[in-house]
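# Architecture and fold: a report
What follows is each chain in one-letter form.
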Amino acid sequence: MVSTTGRAGPPEVADAGPELLTGDPSSTAGVKKGPFLAQAVALVVMVALAGVVLGRVYSGGLLTGLVAGAAAGSVLVGVACRRLPSWLVAPVSVLAMAAWTLWSLRLAASRADLPGPLADVAADAARNGIPRLLTALIPVEPTPDTVLVPVVAAWLAGLAAAEVALRAGRVLLGYLPPVLLYAGALYVVGPNADPAVRPTLVFVAVAVLGLAVRGRTAAAGTDPAAGLPAGVRSAVRVRLAGASAAGVAVVVALAALLGPALAGQVGGRPVDPRRYVEPPRVDSLDENPLIRISGWALHPDQKLLDVTTRPGDPGDGEGPAGGSDPTGADPDGSGDVPPGGDRPRIRLAVLSDYDGVTWRVGATYRNAGRVLPAAAPAPASTVGTVRQEITVADLTGRLLPAVPTPREVTGARVAYDPATGTLIRPEGLTPGLRYAVTSAHERPVVNLLATADVPAGAEVARVLSVPDGVPEPLRRLAAQLAESSGAPYARAAAVEQFLAEHYRLVADAPSGHAYPNLAFFLFGPGDAGGQRGTSEQFAAAFAVLGRLVGLPTRVVVGFRSPGTGPVRAGDAYAWPEVLFDGLGWVSFDPLPRPDTEPRPVEEDFRPPPEEPPPSEAPQPSVEPTVPPEPQAAAGRPADGGGVPTAVLVGAGAGGTLLLVATVLLTLLGMRRSLSRARLNRGDPGERVAGAWREVTDALRLAGHPVSGDLAATEVAAVAHEVLAQATAGRGSVGPVAVVELAGLLNRAAFAPGTLTEEQAGRAVMAARVYVAALRQARPRWRRLLWAVHPGPLRAATASRRVPVQRTAAPVPIPRDGASR
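These lines cover the structure that appears in this document, whether it is placed above or below. Owing to the predicted nature of the structure, the values given are computational and were not obtained by experimental measurement. (Residues numbered from 1 in each chain as written. Predicted model: local features only at pLDDT ≥ 70, side-chain atom pairs only at ≥ 80, totals over all residues. Heavy atoms only, no water.)

## Some points on the packing of helix H15 (residues 472-483) against helix H18 (residues 535-548)
With their axes 9 Å apart at the nearest point, H15 and H18 run at an angle of 70° to one another. Between H15 and H18, the angle falls in the class roughly perpendicular. At the point where H15 passes H18, the crossing takes the right-handed sense. Each of Leu474, Arg475, Leu477 and Ala478 in H15 lies in contact with H18, whose residues at this interface are Val544, Leu545 and Leu548. For the contact of H15 with H18, a count of residues per class yields 6 nonpolar, no polar and 1 charged. (Axes fitted to C-alpha atoms, helices over the stretch in contact; angles between N-to-C directions. Helix = DSSP H or I, 4+ residues; strand = E, 2+ residues; numbered from the N terminus. Parallel < 35°, antiparallel > 145°, perpendicular 65-115°, else oblique. Left-handed = near helix turned anticlockwise from the far one by under 90°. Contact = heavy atoms within 4.5 Å. Nonpolar A, V, L, I, M, F, W, Y, C, P; charged D, E, K, R; others polar.)

Okay, here's the thing in structure tokens:
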């Protein structure tokens, strides 16, 4: 269609005149300035609303403001450049986007206290923006890597919308980029925030107003059929009416088809895209730092950290580093100090999972910002704030030490597991790394421990689980310790006291906390290295014994806090914790007190009951007398001390029957194992060859062994005759099955690697059908011996090389259970 201005294009573009096509708002031939600006404002609001939706999972309002700025900037650049050619607008807008993005990254880095030049920060954000956004802990802190993608996406959506809706005049099509951006924001948020009802209603209302303004402007313009002949004008109007009716029909049909499905999803739980992205992983040393205790114990002077605790903060006071006596750790008598002492220890990792061999952290780490999510403290506990600055020296790995429970970390990018409170630095620790940690240190009220209960149920099944294979002495020890202790805290204290009084703490004990290691530590002879270990064995033994007596336990690896000063390898140790209702996790210290000699385990651990010895009471002395002549009783010999003959015969017969039954069962098991290996293992070609061996073995058992110079088709013919004779002409599917099997065997020989799993399955089924039919045709007593006949086993053992049967030239028949 050609407009009155001489330009070709759609009517709405042509009618817009010089205002939209040349950008002159003073022109009266195009759309008026008011509706044009109204549409621009509508686009800005729609793009900015995507930032409002996404900002619900962010901490603070920084992201919402940056996305709103990108929306306004992209649309305003499009409006300002409307006099320029369309091909020049995109480069200008991209340059403006780069400037706004760099300023946004700088602002986010400044707010998050991230060090480093802007170029390095921007490069890191560009490399890791998407994975860190989808693995970040909620609420997400606005850092350069978590704001880059939303800001760039918002700018590009605004640019595309402005070009299509304002310059080309396709308002409805121009709404597509903001709609896609809004849908993407909803998808990223997923189930991690409340439904965005208000922003969605505002989004729809703004879109409708923009369309209404455009429709009113178009209605006030020139009739597209004006100036045409009457006949043509009527045809154009009919076409326009038909197109409108068709569009309405399509909309109604889509609403009818998709409406119920969409309505059914309203109350459903949205999909969380974070489940498709793998969070940061750690290596074995970080997954099980308990094995590092023995190495640190051998080098106690190695400096791992430098710690500075700010003056006046809790955690810098003096007090014992361990011990379960509250009187030594609670000088004011308030009863609010845990059994482990009042100085908070520096925690490296929490190990909650045990499989009988290894204690593991089992954490799911999520990238986090400075501020970590705060968990509600236990009701019966007091919370103090501990602030420390930590400088890494020789400590390696990714685990980041901190006083539990960390609430804010500055100076290092971290990932966090809220379930255990464990921190990692995904890039790994480096000497000289300095960071500050603010922690909420919980101190349970000790006076409530004696009456506290422990939780149960699925929520704590992870820390109550006891894997199979517990040594019997370990179970007996746990039962003995629980006998005299009813309350949970009494049971925990009994385990703690038993370990502290009967075992020796040494630095040169080998690492290991599997069931055999713990059994040797607890019950092994002292002169052979038993009954001594590092804190690794003490903590692991406490945790396992605690779970055996019904206590939810875990193992923690960390360091004794010096308050302010160096933390050396000798300060590293492990301790157990028990979960109590209302009190949270309470630490225990099963290590022996310094300068104390352990008591022998045998003094307090009762050995298993033994069979009572025969009575050794002295017999009354009698005068020797002449023994009477033995009288033979009826049915038994005169010598009453002998075994009756009937007993001997019965025992011999029973032993023989038992031996025969054992041999038959062994042969049966070996035959079935051979058949399973042939039919179920290997690639399709090997399974087809195994099925063929089953058929040839069946022929051998039926008394018709095949010669090694026969081809596969010839063997199939022999098998057909054998089965026909055995069944006396009765119909059977066995011959048909073995013919198909011969064809598959030929294919395996001449076209190796072309057989499919389905064909291999048909071959296996064919062999089974034929063997079953041939066996069924045998006499009853031969059917009983069929499954235990050793012939196939001998053939499989004797044959070493298995060539594949062919049809063109005779080759030896496969005879053993292996496929080569």
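## Concerning a positive patch on the surface
Taken together, Arg672, Arg676, Arg681 and Arg775 make up a surface patch of like positive charges. As for its placement among the helices and strands, arginine 775 is situated in helix H23 (residues 757-776). (Patch = residues over 30% accessible without salt bridge, like charges linked within 9 Å, V, L, I, M, F, W, Y side chains within 5 Å. Areas by Shrake-Rupley, 256 points an atom, 1.4 Å probe, with all protein chains shown as cover. Salt bridge = Lys/Arg side-chain N within 4 Å of Asp/Glu carboxyl O. Lys, Arg positive; Asp, Glu negative; His and termini not counted. Charge placed at Lys NZ, Arg CZ, Asp CG, Glu CD.)

## Focus: the packing of aromatic side chains
Applying the stated criterion across every chain yields a total of 13 aromatic pairs. Geometrically, the ring pair formed by tryptophan 296 and phenylalanine 559 is tilted, given 5.7 Å between the ring centres and 50° between the ring planes. Here phenylalanine 559 lies in strand S13 (residues 553-559) and tryptophan 296 lies in helix H13 (residues 293-298), a separation of 263 residues in the sequence. The exposure class of phenylalanine 559 is buried, given its relative accessible area of 0%. Against the face of tryptophan 575 rests arginine 345, its NZ or CZ located 4.4 Å from the ring centre. Taking NZ or CZ as reference, arginine 554 lies 4.0 Å from the ring centre of tryptophan 585, over its face. (Phe/Tyr/Trp six-rings, centres within 6.5 Å; stacked < 30°, edge-to-face > 60°. Buried < 20%, exposed > 50% of the residue type's maximum accessible area, 1.4 Å probe, protein only. Lys NZ or Arg CZ within 6 Å of the ring centre and 35° of its normal.)

## Description of unusual backbone geometry
At the junction of proline 404 and threonine 405, the peptide bond is cis and its omega measures out at -5° in the coordinates. Here threonine 405 lies in the loop between strand S6 (381-392) and strand S7 (406-410). The backbone of aspartate 595 sits at a positive phi, close to 60°, despite the residue not being glycine. The exposure class of aspartate 595 is exposed, given its relative accessible area of 85%.

## Considering helix H9 (residues 176-189)
Over its 14 residues, H9 runs 20 Å from end to end, which matches the ideal 20 Å to within 8%, given 1.5 Å per residue. Listed in full, the buried residues belonging to H9 are Pro177, Pro178, Leu181, Tyr182, Ala185, Val188 and Val189. One side of H9 carries all its buried residues, which in axial view fall inside an arc of 135°. Just downstream of H9, glycine 190 is the residue with a positive phi angle, here 60°. (Expected span 1.5 Å × (residues − 1). Arc of directions from axis to C-beta.)

## Considerations on the side chain of serine 381
Following the sequence through the fold, serine 381 ends up in strand S6. A distance of 2.7 Å separates a polar atom in the side chain of serine 381 from the backbone oxygen of alanine 378. (Polar contact = N/O pair within 3.5 Å; in protein donor to acceptor, adjacent residues only side chain to side chain.)

## Let's talk about the pattern of salt bridges
This model, assessed by the stated rule, comprises 17 salt bridges. The salt bridge partner of arginine 678 is glutamate 694, with a shortest N-O separation of 2.9 Å. Pair noted here: arginine 678 is in helix H19 (residues 645-680) and glutamate 694 is in helix H20 (residues 684-701), with a separation of 16 residues, a long-range link. Comparing arginine 678 with glutamate 694 shows no difference in burial state: the two are buried. Across the salt bridge formed by glutamate 757 and arginine 687, the nearest N and O atoms sit 2.8 Å from each other. Here arginine 687 lies in helix H20 and glutamate 757 lies in helix H23, a separation of 70 residues in the sequence. Assessed through its relative accessible area of 13%, arginine 687 is described here as buried.

## Some details on the packing of helix H4 (residues 62-80) against helix H5 (residues 86-112)
Their axes nearest at 10 Å, the elements H4 and H5 cross at an angle of 165°. As the angle between them shows, H4 and H5 are arranged roughly antiparallel. Both H4 and H5 take part in a crossing whose hand is right-handed. Contact residues: H4 offers Leu62, Leu66, Gly69, Ala70 and Val77, while H5 offers Val92, Ser93, Ala96, Trp100, Trp103, Ser104, Leu107, Ala108 and Arg111. Looking at the contact of H4 with H5 residue by residue, the classes come out as 10 nonpolar, 3 polar and 1 charged.

## Some details on the environment of alanine 98
When you line up the elements, alanine 98 lands in helix H5. Distance in space between the C-alpha atoms of alanine 98 and tryptophan 155 is 9.8 Å, their sequence separation being 57 residues.

## Quick notes on the sheet that holds strand S1 (residues 303-309)
The strand order S7-S10-S6-S1-S14 describes an open sheet built from 5 strands, whose pairing is antiparallel. Taken across any chain shown, the strands that pair with only one partner, and hence form the sheet edges, are S7 and strand S14 (565-568). Between one strand and the next, the sheet's axes are offset by a mean angle of 30°, whatever the strand orientation. (Pairing = 2+ DSSP bridges.)

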